[in-house]
Amino acid sequence: MIYPNPLNPKKYIVLNTGFTFSEFGGQSNATQVPKLPDYAILDMSVPDSSRPAEGVLLAGFFDDRGK
């Protein structure tokens, strides 16, 4: 789901759900676990090739209560 950011209309909020399967996800259900955090704020001005290391401004996991 993509939605305009209510705090900054020039930006968007993107919700992506589901598994982040690796290329080997089909070989065993042991590898079918999320590989990414529950949320992340990315700097889209950082080139794709550098974004995983330099363009992640904030990332983390929700607790059992979704906080």
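In what follows, the structure referred to is the one given above.
What this report covers is the structure whose coordinates are included nearby. (Residues numbered from 1 in each chain as written. Predicted model: local features only at pLDDT ≥ 70, side-chain atom pairs only at ≥ 80, totals over all residues. Heavy atoms only, no water.)

Okay, the overall build of the protein next. If you tally the helices and strands in the protein, you get 1 helix and 4 strands. Along the protein, helices (α) and strands (β) appear in the sequence β-β-β-α-β when read from the amino end. Evaluated residue by residue, the protein yields a buried proportion of 9% over its 67 residues. In the protein, once contacts between residues fewer than 6 apart in sequence are set aside, the share between residues at least 24 apart is 5%. (Helix = DSSP H or I, 4+ residues; strand = E, 2+ residues; numbered from the N terminus. Buried < 20%, exposed > 50% of the residue type's maximum accessible area, 1.4 Å probe, protein only. Contact = heavy atoms within 4.5 Å.)

Further remarks concern the packing of aromatic side chains. Throughout the structure, instances matching the rule amount to 1 aromatic pair. Relative to Phe62, the ring of Tyr39 has its centre 5.3 Å away and its plane inclined at 40°; by these criteria the two rings are tilted. Of this pair, Tyr39 sits in strand S3 (residues 39-42) while Phe62 sits in the segment after strand S4 (56-60); the two residues are 23 residues apart in sequence, bridging distant segments of the chain. Taking relative accessible area as the criterion, Tyr39 reaches 32% and is therefore assigned partly exposed. Residue classification places Phe62 among the partly exposed residues on the basis of a relative accessible area of 43%. (Phe/Tyr/Trp six-rings, centres within 6.5 Å; stacked < 30°, edge-to-face > 60°.)

Turning to the pairing of strand S2 (residues 8-14), a few remarks are in order. Counting buried residues along S2, only 0 of its 7 residues qualify, which leaves the element largely exposed. Bridge analysis of strand S1 (residues 2-5) against S2 gives 4 bridges, and the strand direction is antiparallel. Bridging from a neighbouring strand, Pro4 pairs with Tyr12 of S2. Where S1 folds back onto S2 in an antiparallel hairpin, the turn is made up of 2 residues. (Pairing = 2+ DSSP bridges.)

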